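# Topology and contacts: notes
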Amino acid sequence: GNVEALNKFPEAENAERIALDNFSRACRELSNARVDVASALSQSVSDILPILGLEGTSFQVNMKLRQGGFNNPYYGSDSLGVDLVDFLLLHKEDNSMMIATGDESRKAQGQGGHIELVGSSGEKSRVLLAIETVLPGSIGSTCNGFD
């Protein structure tokens, strides 16, 4: 082997470790910012839903860390990053418990539900409208004019 290259190997390993530490730190900062935005978005969208005919309904953005987390954002073969996001649609029942819309077994258990599983098409469209109201342009919908 090349002696010069072997002499530079420890320096390269150290540079790689520093770069990974910096990347992990940046992932943590981005993830923390996403958690803040998720909380604000949940509240803002939920505040609009009653105006759209969904009284007693709330929208919740849940954030959690992917396996691998901040120390290994490259963990797994199918994705990159540290955050997993779930969008939940919840209804208030008797002011004491939040339960998901959808089938009765979910209601009886008092569990929340992923909007794609428990929301009707009408509820989903109203949630999208609320998101578009809070974050104009976020949905990316276009309107074509016809002459």
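Heads up: these notes are all about the structure in this document. (Residues numbered from 1 in each chain as written. Predicted model: local features only at pLDDT ≥ 70, side-chain atom pairs only at ≥ 80, totals over all residues. Heavy atoms only, no water.)

### Some remarks on the overall build of the protein chain
Per the secondary structure count, the protein chain includes four helices and three strands. Along its sequence from the N terminus, the protein chain presents helices and strands in the succession α-β-β-β-α-α-α. Intrachain contacts of the protein chain at a sequence separation of at least 6 include 47% that bridge at least 24 residues. (Helix = DSSP H or I, 4+ residues; strand = E, 2+ residues; numbered from the N terminus. Contact = heavy atoms within 4.5 Å.)

### Topic: the side chain of aspartate 83
Within the secondary structure, aspartate 83 is located in strand β2 (residues 83-93). Residue classification places aspartate 83 among the buried positions, given a relative accessible area of 16%. For aspartate 83, the side chain forms a polar contact with the side chain of serine 31, separated by 2.6 Å. There is a polar contact of 2.8 Å between the side chain of aspartate 83 and the side chain of arginine 34. (Buried < 20%, exposed > 50% of the residue type's maximum accessible area, 1.4 Å probe, protein only. Polar contact = N/O pair within 3.5 Å; in protein donor to acceptor, adjacent residues only side chain to side chain.)

### Topic: the nonpolar core
Of all hydrophobic cores here, the largest spans 13 residues; its most connected members are Val45, Leu49, Phe59 and Val127. At the level of elements, α1 (3-48), β1 (57-65) and α4 (121-134) are the ones that each hand at least two residues to this core. Per-element accounting of this core gives the leading share, four residues, to α1. Apart from residues lying up to four places away in sequence, leucine 49 is in contact with Leu54, Thr57, Ser58, Phe59, Arg126, Val127 and Ala130. (Core = buried A, V, L, I, M, F, W, Y, C linked by side-chain atoms within 4.5 Å.)

### A look at the packing of aromatic side chains
Per the counting criterion, the structure on display carries one aromatic pair. Note on phenylalanine 59 and phenylalanine 87: the rings are 6.0 Å apart at their centroids and 15° apart in plane angle, and the pair reads as stacked. Highlighted residues: phenylalanine 59 in strand β1 and phenylalanine 87 in strand β2, separated in sequence by 28 residues. (Phe/Tyr/Trp six-rings, centres within 6.5 Å; stacked < 30°, edge-to-face > 60°.)

### Observations concerning α1
Since there are 3.6 residues in each turn of an α-helix, residues three or four apart along the chain are aligned in direction. Along its 46 residues, α1 runs 67 Å from first to last C-alpha, staying within 8% of the 68 Å computed at 1.5 Å per residue. At phenylalanine 9, α1 shows its maximal bend, which comes to roughly 35°, and the proline proline 10 appears one to four places after that position. Here α1 has its buried residues at Ser24, Cys27, Ser31, Ala38, Leu41, Ser42, Val45, Ser46 and Ile48. (Expected span 1.5 Å × (residues − 1). Bend = angle between axes of the 7 residues up to and from the residue.)

### Some details on the packing of α1 against α4
As a packed pair, α1 and α4 sit with axes 9 Å apart at the nearest point and diverge in direction by 115°. Helix-helix and strand crossings are classified by hand; for α1 and α4 the assignment is right-handed. Taking contact as the criterion, the partners of Leu41, Ser44, Val45 and Ile48 in α1 are, on α4, Ala130, Ile131, Thr133 and Val134. Counted by class, the contact of α1 with α4 contains six nonpolar, two polar and no charged residues. (Axes fitted to C-alpha atoms, helices over the stretch in contact; angles between N-to-C directions. Left-handed = near helix turned anticlockwise from the far one by under 90°. Nonpolar A, V, L, I, M, F, W, Y, C, P; charged D, E, K, R; others polar.)

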